[in-house]
2 protein chains.
Amino acid sequence: MGDHDEQGVSRRGFLKTTGLGLGVAVGALVLGPSAVSAAESGASTPVAEGPFPYKDLDPREGMLRGHAGYWKSGCAYGAFYGITSMLREAVGGPYAQVPYRMLAWGRGGGANWGTLCGALTGACAAINLVAADADVNKLVGELMGWYSTHPFPSDEATKLAVTGSFKQTAKDYPKIELIKTVSKSPLCHVSNATWIAASGIKLPDDRRKERCARLTADVVAKTVAMLNAYKAGTFVPVYKVDEETEICLACHEPDQEGKMSCVECHEPHEL
Amino acid sequence: MGDHDEQGVSRRGFLKTTGLGLGVAVGALVLGPSAVSAAESGASTPVAEGPFPYKDLDPREGMLRGHAGYWKSGCAYGAFYGITSMLREAVGGPYAQVPYRMLAWGRGGGANWGTLCGALTGACAAINLVAADADVNKLVGELMGWYSTHPFPSDEATKLAVTGSFKQTAKDYPKIELIKTVSKSPLCHVSNATWIAASGIKLPDDRRKERCARLTADVVAKTVAMLNAYKAGTFVPVYKVDEETEICLACHEPDQEGKMSCVECHEPHEL
């Protein structure tokens, strides 16, 4: 059974999915069997296991969609929807067959468990759709590093909020300035706890949710900027782990998996 | 622009992606404009934003695929491939248009950052494809809780390994018994560090990788068992946070997001 995945769906399945049975059948009448074979051969193939086509996207439009998506179904949905809905419009094709909702589970660090920030979960899945296998880790690693060192929410996101530029959604959002914090971690738990400690605004508060909606917008904008640069051949990852973590990893790298700051959870010890 | 996502992709984008422009254009010559309109209308329908159809899956077959997928492209790819390749064969249709590779970024807790265990990342995306919006958190939360308290790798996975039942892959795998550990966390970093500390086997070692390959197999088997029960109407989540964490959350729940064990990273304090 293991090798079946590389083979095609049935022609019937394809025609049903695309709704093009009629057009292709008529094409056969005019062009003869060889044209149909070509069409069938394309038709019976599952989606290719390679990068989807890409077109330059607008980071600002991505912010609007990421923010709206957050208020619809959470951070992971917001980020994935923000990027892939623009790709559906710009490129179409395979993007239209990947449901926006499939990354929604990442909300609150995964069903509110506080693990990886859901905005990253959604953005990383979008990156993986666009980037070649050999480049995925570079782009994802850079995004995680940027996230860990960036003050959220950005001035740009707050400006869009206070000027009422974000799209209206089912739930109106607080149009106020919000304090910025650096999470020093890609984990939702740390990101939220850090901001909550600094702002005094608790988790269930709409202002805290709005902070995460703006953060989602920021993650979409950064991801889009990275992907635009990547496709233009100008992407260069710049993130490096901090010096303290580098010292830990000099000995402990083979003892664990990860690039998160060690002293966020572990007490430093004498060398 | 925000509502465009529910509408179709442009005809141009679709024709370019499917490579079917010629067939449709010829269809237009024969059938006239109304037939082309019908084809366009069907062609531009995006995948439905709801659960995909499901059929009961075999957990043992899932283990074989999860293990093979791990050795091909990592834990997250392995878990997502393990589940969705079976669904492609059993159900087909929309599953054939979601690329296996899109969750591969989750490897090593996300591009080797050590955040959420990639086997969970892959499995949770598959859960989200199958489950209704209102049920996703219940299933994902149960999987995270189970993972945090389960000794990996399971006896069943080790049996498949030592008897040579796992599929041959490009890289041969160590067919030996491996020590079991409970991670007390869904994080890759903690999961690996715990096992490495107990086994004395370091991160780059093939035996450590095989531990994660078997863990991936176990996560697939658990997810498949949960989904079978969910679809049969018999799924009941049983995970509860441990007593120590419950005491912490009694005060600190609004200060943070998450259900991970607090004392894994924080020093307990006087109440």
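Here the structure is shown first, and the text comes after it.
The notes below deal with the structure included here. Treat the numbers as computed from the prediction; the structure is a model and nothing was measured.

Scoring rules and cut-offs
- Residues numbered from 1 in each chain as written.
- Chains lettered and ligands numbered in written order.
- Predicted model: local features only at pLDDT ≥ 70, side-chain atom pairs only at ≥ 80, totals over all residues.
- Heavy atoms only, no water.
- Salt bridge = Lys/Arg side-chain N within 4 Å of Asp/Glu carboxyl O.
- Helix = DSSP H or I, 4+ residues; strand = E, 2+ residues; numbered from the N terminus.
- Buried < 20%, exposed > 50% of the residue type's maximum accessible area, 1.4 Å probe, protein only.
- Disulfide = S-S within 2.5 Å.
- Phe/Tyr/Trp six-rings, centres within 6.5 Å; stacked < 30°, edge-to-face > 60°.
- Lys NZ or Arg CZ within 6 Å of the ring centre and 35° of its normal.
- Core = buried A, V, L, I, M, F, W, Y, C linked by side-chain atoms within 4.5 Å.
- Contact = heavy atoms within 4.5 Å.
- Expected span 1.5 Å × (residues − 1).
- Axes fitted to C-alpha atoms, helices over the stretch in contact; angles between N-to-C directions.
- Parallel < 35°, antiparallel > 145°, perpendicular 65-115°, else oblique.
- Left-handed = near helix turned anticlockwise from the far one by under 90°.
- Nonpolar A, V, L, I, M, F, W, Y, C, P; charged D, E, K, R; others polar.
- Polar contact = N/O pair within 3.5 Å; in protein donor to acceptor, adjacent residues only side chain to side chain.

**Focus on the pattern of salt bridges**
All names here are of chain A. Applying the stated criterion to the full structure yields 22 salt bridges over all chains. The partner of Asp205 in a salt bridge is Arg207, and the shortest N-O contact between them spans 2.8 Å. The closest approach of N and O atoms between Glu210 and Arg214, which form a salt bridge, is 2.6 Å. One end of the pair, Glu210, and the other, Arg214, are both in helix α10 (residues 206-232), four residues apart, so they sit about a helical turn from each other. A relative accessible area of 0% means that Glu210 is categorised as buried. Residues joined in a network through salt bridges with shared partners are Glu61, Arg65, Glu89 and Lys167.

**Observations concerning the state of the cysteines**
All names here are of chain A. What the rule picks out here adds up to zero disulfides over all chains. This cysteine, Cys117, is not joined by any disulfide, and Cys75 carries the nearest cysteine sulfur, 5.5 Å off. On the accessibility criterion, Cys117 (5% relative accessible area) is buried. For the unlinked cysteine Cys188, the closest cysteine sulfur is that of Cys75, found at 6.4 Å.

**Structural notes on the packing of aromatic side chains**
All chains considered together, the criterion is met by 16 aromatic pairs over all chains. Arranged with centres 5.0 Å apart and planes meeting at 85 degrees, the rings of Phe52(A) and Tyr95(A) form a pair that is edge-to-face. Of this pair, Phe52(A) sits in the loop between α3 (33-43) and α4 (59-73) while Tyr95(A) sits in the loop between α5 (75-90) and α6 (118-130), and the two are 43 residues apart along the sequence. For Phe52(A), a relative accessible area of 4% corresponds to the buried category. Residue Tyr95(A) is classed as buried on the basis of its relative accessible area of 1%. Taking the centre distance of 5.3 Å and the plane angle of 85 degrees together, the rings of Trp146(B) and Phe152(B) count as edge-to-face. Owing to a relative accessible area of 0%, Phe152(B) belongs among the buried residues under this scheme. One aromatic cluster is present, built from ring pairs that chain together Tyr77(A), Tyr81(A) and Tyr100(A). Note that Arg88(A) overlies the ring of Tyr100(A), its terminal NZ or CZ placed 3.9 Å from the centroid.

**Some points on the nonpolar core**
Counting residues in each nonpolar core, the largest one holds 125 residues, and the members touching the most others are Met102(A), Leu143(A), Val219(A), Met102(B), Leu143(B) and Val219(B). Apart from residues lying up to four places away in sequence, Val219(B) is in contact with Ala119(B), Leu120(B), Ala123(B), Leu143(B), Trp146(B), Tyr147(B) and Phe152(B).

**Structural notes on helix α6 (residues 118-130) of chain B**
Between its first and last C-alpha atoms α6(B) spans 19 Å; for 13 residues at 1.5 Å apiece the expected length is 18 Å, and the two agree. Among the 13 residues that make up α6(B), 13 are buried, leaving the element largely enclosed by the rest of the structure.

**A closer look at the packing of helix α5 (residues 75-90) of chain B against α6(B)**
When two helices pack together, you describe them by how their axes are tilted relative to each other and by the distance separating the axes. Residue and element names in this part refer to chain B. With their axes 5 Å apart at the nearest point, α5 and α6 run at an angle of 30 degrees to one another. Considering the angle they form, α5 stands roughly parallel to α6. Crossing geometry of α5 relative to α6 is assigned as right-handed. Contacts from Cys75, Ala76, Ala79, Phe80, Ile83, Thr84 and Leu87 of α5 reach α6 at Gly118, Ala119, Gly122, Ala123, Ala125, Ala126, Leu129 and Val130. Of the residues belonging to the contact of α5 with α6, the class tally is twelve nonpolar, three polar and no charged.

**A few points about the environment of Gly145(B)**
Within the fold, Gly145(B) resides in helix α7 (residues 133-149). The class for Gly145(B) is buried, based on a relative accessible area of 0%. Note: C-alpha distance between Gly145(B) and Lys240(B) (95 residues apart in sequence) is 7.4 Å. Apart from residues lying up to four places away in sequence, Gly145(B) is in contact with Trp113(A) and Tyr239(B).

**Observations regarding α4(A)**
Residue and element names in this part refer to chain A. Between its first and last C-alpha, α4 extends 21 Å over 15 residues, near the 21 Å set by a 1.5 Å rise per residue. Taken together, the buried positions of α4 are occupied by Glu61, Gly62, Met63, Leu64, Arg65, Gly66, His67, Ala68, Gly69, Tyr70, Trp71 and Ser73. Looking at the buried side of α4, the elements it contacts are α5, α8 (155-162) and α10. One side-chain oxygen at the N-terminal end of α4 lies 3.1 Å from the backbone nitrogen of Arg60; it belongs to Asp58. Looking one or two residues past α4, Gly74 carries a phi angle of roughly 100 degrees, positive in sign.

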